[in-house]
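A structural walkthrough
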Amino acid sequence: MMAVSRLRPGARGEMLCVFLWISVTACIVCSYWISPVVTVAVLSSALRQSTPLVLGAMCGLLSERSGVMNIGIEGQMLMAAFWGFLMHVWTGSLMMGVISGLAAGAFAGFLFAWMSVSMKMDQIIAGTIINILAVGLTGFFYPTGMSSAGKLKIYSVPLLSEIPLAGPVLFRMSPIVFLTICIVFLLHYCLFYSRWGLRTRATGEHPKAAATMGISVVKLRYGNIMIGGCIAGLAGAFLSLESVGVFERGMTNGRGFIALAVMIFGKWTPIGAWGAALLFGLSMSVQTQLQFDRVLSLPHQFTGMLPYLITIIVLAIFIRRNRPPASLGVSCERE
Amino acid sequence: MDGFPVLELKGISKSFHGVMANSGVDFKLKKGEIHALLGENGAGKSTLMNMICGLLQPDRGEIFIQGNRRKIQNPKIAIQLGVGMIHQHFMIVPGFTSLENIILGSEPVTRMAIDFRKARKQIAALSDQYGFSIDPDAVTEDLPVGIQQRVEIFKALYRKVGILILDEPTAVLTPQETEDLFRVMRRLARKSVSIIFITHKLREVMQIADSITVMQRGAIKGVLSPGETDEQSLARMMIGREINMISNDRSAGAGRTVFEASGLSVNSSRGFEAVSDVSFCVREGEIVGIAGIQGNGQMELSEAIAGLREIASGNIILSGKVMPALHPRKMMENGLAHIPEDRLKYGLVLPFSIAENQILCTYYRNPFARFMWRNRKAMLNNSRELMDRFDIRAGGPEESVKTLSGGNQQKVIISREFSRNSIFLLANQPTRGLDVGSIEYVHRQMLTLRDKGAGILLISSELDEILSLADSILVIYRGRLISMAGKEGADRASLGLMMTRGLEREK
Ligand SMILES: Nc1ncnc2c1ncn2[C@@H]1O[C@H](COP(=O)(O)OP(=O)(O)OP(=O)(O)O)[C@@H](O)[C@H]1O
Ligand SMILES: [Mg+2]
């Protein structure tokens, strides 16, 4: 009758992921045994480095799960980083800075939704417009010589931060990093168990079916893209207000695109994307550590390549294996 | 049948960019009746129904539900008014389970999450009430079409449907599944659900309808009851002329072999073997019919022959030459004509014009191309001639095929494929979804081609089509071919049995 063994599609990919994680965990434990200080530093740096990627991936995921391909994450982040920093300097309040960052992200999202959902523009072009717009606007209006006014402080959870290895990594961190982890789990739960999640997934798979069941595809996509914009805005705020502390031209540096790779690697699920982003974050912090220590006498150009190299390899392996939402990129026709 | 109409349409009109799809339609649906809606392709049946379920807005006219005038601006309002529609193309999210598909849009919720337990209970209660059931946890894309359709019916019942619209529900069903569907429909009607049933199969209409409305060119031609009419006069009313059942009464000349498959195995997209070790041949002037229920490997077999799918093992031999796999142009140049199963996906480029679609296989050759340039004039001349010869009804050669009716779209494909000098025709479900007039037309064209000496492989799940056209009949079951002795040994009952059970039960 049928062939003897029918491997579930994607089963090999899952095995690969589990294997990867086991080996990474083993490496961490070993290195902690050798040098605790460096390990803690590398790990918490990995967590920090992964934060904008996770947030970017959540932004992409929100819109792609509802069927809109979003390559404008980079631009959304950049606008938020810029606007958040400016507001922070002008008002002197970090809180205002973060909130303005969110608003800027949501506004960029609104613009993107208007182009891709209402005007039914090609979604790749709409995303590209957002990216170019962001580079242009932030570059043009960037007031040079603006000094930093401090950044978000690191917060230690009293008792928990004393636990060896896990304590300093997981419980001594800045607010946005912590918020990111909460967002990941909240989003995962909502996407797979809530009414909104079911409708979002249905819209991404078969918008017409959703429409015939009385769901407003346009409203849902607008909502998702704008919430996604807020989350990308948080990533931007993280860059300019928490990680670096000032705005620099083009400071997102391709993170919006790596976030896309992360999202695909994570199979369009929040927790999957989180795991993938951690892996990327780890590769980045290991890379910096390697440059710092000069353990390997490699030129820094080579170690600096590491995150991008991993992006290419991961995409080459997974992009064909992981299935995107079925009607991704197709605008819903209604007469 | 007692009482007032649950649904009444008065003077409904609708046009698309100047094309009248409905003009002044009056329609009444009584409570608890099964009302068949007939009409040729493009008569405007689906358009009319889409206006009742809120997907389209009428340009003029009024809709009354339970005697009250209603404006149905979107599907949500239609659902609230108890209107449910099962579309010609199913509206099911393929990756979802039946349960998720049923509750989508009307989910019961606790504070934050969906209350799956409650949903399950509600579905079980519906099963009890209406006496048919489904597996709520099955993923819908793995289900046979008959069951998917049942999920669609559950979707409507879950929303307390009072008016159920079924748009060509039997087009893709097996005879057995059709029987099941009719049983369900009768039960629903008894529970006072009113049903509008669209179909092209007149036999079904006579079998199940309480009353019949015939549409022609966007208007109502007449309302009848099945007692006062028969299939012939219904067909005449729909098409406006007499229909002759085509049958193949000429015995096949034993000519040269034009096509041969030897030991052919083909894998499905999911990786398992969909066609296993199949061998057969088609001779000049012969029609070989492959009967079978959809999903038994027909798609993979025909794709392999057309050069669209990899061959796992075995050979395809066209006019004596072994053909390489995955080389559709080579197949065509050696004399293959192909009517694909899914005409919208593989047969036509929808946004292109009729003329462009007619040269899809020959655009690179004289006279349509000179060096690097296309010859527009030759293309248009060719198209005008073909439209004339094959009676394609459309505004002109430059009209986009997207807006043509199903029958005319099929005619565009046939005009393209039959006007090349082909020696072998691969026709997969050539008449699916077509009205009786178009079916007659397609069959006649196939017989003409046969008379010119071409060999034809006809793959179909319509028993009547196979029985009336084929010279020899094969049955495909789970990727294997079972050969019938000849045309004489085959009748509806034994063929139907083989299609559903293969040979195991026969012996
Ligand atoms: N969205 C649209 N845009 C333009 N024209 C359309 C559209 N939908 C339908 N039409 C046209 O309206 C007419 C009626 O189409 P409709 O789909 O209602 O026919 P039908 O009776 O359902 O035919 P079939 O039996 O093939 O399903 C056709 O001429 C068709 O080309
Ligand atoms: Mg129709």
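Before reading on, note that the structure itself is shown above.
Residues numbered from 1 in each chain as written. Chains lettered and ligands numbered in written order. Predicted model: local features only at pLDDT ≥ 70, side-chain atom pairs only at ≥ 80, totals over all residues. Heavy atoms only, no water.

**Thoughts on the packing of helix 3 (residues 73-91) of chain A against helix 5 (residues 123-141) of chain A**
All names here are of chain A. Spelled out, the test is: Helix axes are fitted to C-alpha atoms over the stretch in contact, other axes to C-alpha atoms as well, and angles between N-to-C directions run from 0 to 180 degrees. Helix numbers and strand numbers start at the N terminus; a helix is a DSSP run of H or I with at least 4 residues, a strand a run of E with at least 2. Roughly parallel refers to an angle under 35 degrees, roughly antiparallel to one over 145, roughly perpendicular to one between 65 and 115, and oblique to any angle outside these ranges. Should the near helix be turned counterclockwise from the far one by less than a right angle, the crossing is left-handed, whereas a clockwise turn marks it as right-handed. Here a residue-residue contact requires only that any non-hydrogen atoms of the pair lie within 4.5 Å. All residues other than Ala, Val, Leu, Ile, Met, Phe, Trp, Tyr, Cys, Pro, Asp, Glu, Lys and Arg, Gly among them, are scored as polar; the first ten of these are nonpolar and the last four charged.
Close contact between helix 3 and helix 5 brings their axes to 7 Å; oriented N to C, the two are set at 25°. Accordingly, the angle class assigned to the pair helix 3 and helix 5 is roughly parallel. Crossing handedness for the pair helix 3 and helix 5: left-handed. Packed against helix 3, whose contacting residues are Ile73, Glu74, Gly75, Gln76, Leu78, Met79 and Phe82, the element helix 5 presents Ile130, Asn131, Leu133, Ala134, Val135, Thr138 and Phe141 at the interface. Here the contact of helix 3 with helix 5 is built from residues that sort into 9 nonpolar, 4 polar and 1 charged.

**Some thoughts on the sheet that holds strand 21 (residues 472-477) of chain B**
All names here are of chain B. We count it as follows: One bridge is not enough; two strands pair if DSSP finds at least two bridges between them.
Strands sit in the order 16-19-20-13-21-22 across an open sheet of 6 strands; the sheet is mixed. The open sheet has two edge strands, strand 16 (336-339) and strand 22 (480-483), and neither has a second partner. Averaged over all pairs of adjacent strands, the angle between their axes in this sheet comes to 20°, without regard to strand direction. As defined by bridge partners, strand 13 (residues 287-291) adjoins strand 20 (residues 455-460) across 5 bridges and the pair is classed as parallel. Residue pairing for strand 20: Ile290 is matched across the bridge by Ile459.

**Some thoughts on the layout of surface pockets**
Residues and elements named next belong to chain B. What counts is decided by this rule: Within this scheme a cavity is a closed region of a 1 Å grid, computed over the protein atoms alone, that accommodates a 1.4 Å probe without allowing it to escape, whereas a pocket is open but has protein on both sides within 12 Å along at least five of seven lines; lining residues each have an atom within 4 Å of a point. Grid points are joined across faces, edges and corners, and a volume is the space filled by probe spheres set on the points. All domain edges in this entry derive from an automatic or database-based domain assignment.
Approximately 1,000 Å³ is the volume attributed to the second largest pocket. Surrounding the second largest pocket, 39 residues form its lining, Lys201, Leu202, Arg203, Glu462 and Asp464 being those nearest its centre. Secondary-structure elements contributing two or more residues to the lining of the second largest pocket are helix 6 (175-190), helix 7 (202-208), helix 8 (231-239), helix 15 (436-451) and helix 16 (463-469). Of the residues contributing to the lining of the second largest pocket, the split by class is 12 nonpolar, 15 polar and 12 charged. When residues are assigned to domains, the lining of the second largest pocket turns out to be shared by domain 1 (2-239) and domain 2 (257-346 + 422-506), each giving three or more.

**Side note on the coordination of the magnesium ion (ligand 2)**
Residues and elements named next belong to chain B. Test applied: For Na, K and Ca the donor cut-off is 3.2 Å, while for other metals it is 2.8 Å, and in both cases only N, O and S atoms qualify; water is not among them, so sites may look incomplete. Burial here depends on accessible area, computed with a 1.4 Å probe over protein chains only, as a share of the maximum for the residue type. Under 20% is buried, over 50% is exposed, and the range in between is partly exposed.
Of the protein atoms, only Ser46 (OG) and Gln88 (OE1) coordinate the magnesium ion (ligand 2), at distances of 1.9 to 2.6 Å. Taken together, the positions of Ser46 in helix 1 (residues 45-52) and Gln88 in the loop between strand 6 (83-86) and helix 3 (98-103) put the pair 42 residues apart, joining distant regions of the chain. Among the residues examined, Ser46 registers a relative accessible area of 23% and is labelled partly exposed.

**With respect to the interface of chain A and chain B**
This is how it is decided: As a working definition, buried area equals the accessible area (1.4 Å probe) given up by two parts on being put together, with both sides summed. When a carboxyl oxygen of Asp or Glu lies within 4 Å of a side-chain nitrogen of Lys or Arg, that pair is called a salt bridge. Pairs of N or O atoms are called polar contacts if they sit within 3.5 Å, as long as, within protein, a hydrogen donor faces a hydrogen acceptor (for residues adjacent in sequence, only side-chain-to-side-chain pairs).
Chain A puts 26 residues into the contact, and the matching count from chain B is 29 residues. Roughly 2,500 Å² of surface becomes buried between chain A and chain B when both sides are summed, with 67% attributable to carbon and sulfur atoms. Summed over the shared surface of chain A and chain B, the result is 2 salt bridges. A salt bridge links Glu107(B) to Arg199(A); the shortest N-O distance between them is 2.8 Å. Where chain A meets chain B, there are 3 residue pairs in polar contact (both at pLDDT 80 or more). Among the secondary structure elements, those contributing two or more residues to the side of chain A that touches chain B are helix 7 (175-193), helix 8 (195-205) and helix 9 (207-212) of chain A.

**A word on the packing of helix 2 (residues 36-65) of chain A against helix 11 (residues 255-265) of chain A**
Two numbers describe a pair of packed helices, the interaxial angle and the distance between the axes. All names here are of chain A. Running from N to C, helix 2 and helix 11 point in directions that differ by 65°, and their axes come no closer than 8 Å. The crossing of helix 2 and helix 11 is right-handed. Residues Pro52, Leu53, Gly56, Ala57, Gly60, Leu61 and Glu64 of helix 2 pack against Arg255, Ile258, Ala259, Leu260, Val262 and Met263 of helix 11. Considered class by class, the residues forming the contact of helix 2 with helix 11 number 9 nonpolar, 2 polar and 2 charged.

**A look at the site of ligand 1**
All names here are of chain B. Our working rule: We call a residue near a molecule or strand when any one of its heavy atoms sits within 4 Å of it. Note on areas: Shrake-Rupley, 1.4 Å probe, and residue coverage restricted to the protein chains presented here.
Near ligand 1 there are 15 residues, and of these Gly42, Lys45, Ser46, Thr47 and Thr403 occur at the shortest range. With respect to ligand 1, the backbone of Gly42 contributes an N or O atom lying 2.9 Å from an oxygen atom. One of the side-chain nitrogen or oxygen atoms of Thr47 is found 2.5 Å away from an oxygen atom of ligand 1. Contact with the protein chains removes 79% of the 640 Å² of surface that ligand 1 exposes when unbound. For the shell around ligand 1, the element with the most residues is helix 1, which contributes 3 residues. Among the residues forming the shell around ligand 1, the class breakdown is 3 nonpolar, 8 polar and 4 charged.

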